[in-house]
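# Architecture and fold: a report
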Amino acid sequence: MINKTILYIALSACLATVGCTAQSNKQSSTDVAGTSKKASDKIEFLAFGDGGYHVDYPKTKHITNPKNKQQFIAAELADWLEDYRPRDEFDHAPIYIYPGTEIATEQGGAQAVGIAMAKLCETKACQFAIQLGDNVYPDGADANDGKDDQKRLHDLVYAPLKPLFKAEPNLVVYSALGNHDWKSSRKGVAVQTQWMAEQANFHLDEKGYYSYKMGEPGNDVEFFVLDTNMLLAGQSYYDVPLNPDGSEADEQQAIRDGRADLEVHDPHEGPQNDEDLAQLIWLKQGIANSTAKWKLVYGHHILWSIGGTKYSEGHVLRKLLMPTLCKYADGYIAGHEHDLELLTDDCSKFDTGNSVGKLPLIISGAASKMRGKHTPFAQFQERQYPEYDLLWSKSFVWGFSHISLDNQANKLDVSFYTTPRDLTGSIIDEGSFSFSKRTR
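Report on the accompanying structure. (Residues numbered from 1 in each chain as written. Predicted model: local features only at pLDDT ≥ 70, side-chain atom pairs only at ≥ 80, totals over all residues. Heavy atoms only, no water.)

Opposite charge on two side chains lets them pair, provided their charged atoms get close. Applying the stated criterion across every chain, the model contains 14 salt bridges. The closest approach of N and O atoms between Asp155 and Lys151, which form a salt bridge, is 2.7 Å. Separated by four residues within a single helix, Asp155 and Lys151 lie in helix H5 (residues 149-158), roughly one turn from each other. The class for Asp155 is buried, based on a relative accessible area of 19%. With its nearest N and O atoms 3.8 Å apart, the salt bridge here joins Asp330 to Lys437. Within this pair, whereas Asp330 is found in the loop between helix H11 (311-328) and strand E12 (331-334), its partner Lys437 is found in the segment after strand E18 (428-436), the two being separated by 107 residues in sequence. For the pair formed by Asp330 and Lys437, the shared burial category is buried. (Salt bridge = Lys/Arg side-chain N within 4 Å of Asp/Glu carboxyl O. Helix = DSSP H or I, 4+ residues; strand = E, 2+ residues; numbered from the N terminus. Buried < 20%, exposed > 50% of the residue type's maximum accessible area, 1.4 Å probe, protein only.)

Laid out in structure tokens, this is it:
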């Protein structure tokens, strides 16, 4: 602990002298397309996550233990009930059957979401996009499956977005890393970042966390992109089960009963040279010193959610991030949960400093996979945590969000869209929400 404190002080002094912003040269804030208003009026972009799934890249367990359609659905139902979810709310993704077999898996929606985003950008400005991690399923690049990584990255990252790039050739996607991107090795992460460095339409900094600005000075936004998997890998915590009524079990009692599992990350995921601590210092200093009008933070993992399986991670990340976010940020955007959610945290448990109003938490992780809501758990959170508020959600869907920063009204507007299971890529408008700017 003493060493960590010394390192924290040393890194703080070092970072204060070198600056924290990584600017991308792939697209300036002034060469954005698709808007009829002045660039300073609004900053508008797409947000999507967990898009890197395709049936041609299945999980190992689906190869070694194949199931037919009935068996696959039965296994999904068993998992659903094991988590104490209501039977009458059970659903599943569309089923894909591999040609010439009876082997079933879930259908992916990445291509349909790509088409839908392209269609939306015909009527709404899409100046750039943010990608919220898990870009490459199931094991990231460098997976031990005998497949070529260049083809893998093309198939899973680039191909679903071809309709979007055809409609907006200069659009750049600013990507974050997720837990699946980290699955295989550090080499796999490096392969993905190097591939994106060679693509005109993608950006992902070599370190995995970085910042960039969009818009004109005085009416601009600075994004701080986190590698949340790195942050979690540096922490020791337990995955605590839910009680049958959907409430969280007491952690210490669950540990004594042997019902809580210590989260153990693969050795290659563990932070090297305290890079997790360096990232936290970088965020705190960078966002505190930012001169941008808007400050938005995004990463893969959630801070709150209603899925019922990621809440232990949320507890950990809130302790690490919320003091900084509450004081300086205008919102936090994540994926990880394969659904669409909009929540707020009123920051009452943290020093809000110069902030005003609740912190918007946008989850947009439905770009290729589906997941359901855990209704009893969502209701438990509403009762247990007064700082938490679930405004809207949509589960068992494919979809994405569109975010607009209105510099005239000083509003953050977020709209959610889904696309139906028929893979046509048509757009369903699920609604829009508006938040006043938090920070001065």
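Moving on from the coordinates now.
The next point concerns the state of the cysteines. Inspection of the entire model under this criterion finds two disulfides. Two residues share a disulfide in this structure: Cys121 and Cys126, whose sulfurs sit 2.1 Å from each other. Because the torsion about its S-S bond is -95 degrees, the bridge between Cys121 and Cys126 counts as left-handed. Note on accessibility: Cys121 and Cys126 belong to one class, buried. Linked covalently through their sulfurs, Cys326 and Cys347 form a disulfide whose S-S length is 2.1 Å. Taking the torsion about the sulfur-sulfur bond, which here is approximately -85 degrees, the covalent link between Cys326 and Cys347 counts as left-handed. Taken together, the positions of Cys326 in helix H11 and Cys347 in the loop between strand E13 (340-345) and strand E14 (359-364) put the pair 21 residues apart, joining distant regions of the chain. For the pair Cys326 and Cys347, a shared accessibility class is recorded, and that class is buried. (Disulfide = S-S within 2.5 Å.)

Next up on the list: the packing of H5 against helix H7 (residues 186-197). One can describe the packing of H5 onto H7 by two numbers: an axis separation of 11 Å at closest approach and a directional angle of 70 degrees. Overall, the two elements H5 and H7 adopt an arrangement that is roughly perpendicular. The two elements H5 and H7 meet at a crossing, and its hand is right-handed. Of the residues in H7, those touching H5 at Asp149, Gln150, Leu153, His154, Val157 and Tyr158 are Val191, Gln192, Trp195 and Met196. Counted by class, the contact of H5 with H7 contains six nonpolar, three polar and one charged residues. (Axes fitted to C-alpha atoms, helices over the stretch in contact; angles between N-to-C directions. Parallel < 35°, antiparallel > 145°, perpendicular 65-115°, else oblique. Left-handed = near helix turned anticlockwise from the far one by under 90°. Contact = heavy atoms within 4.5 Å. Nonpolar A, V, L, I, M, F, W, Y, C, P; charged D, E, K, R; others polar.)

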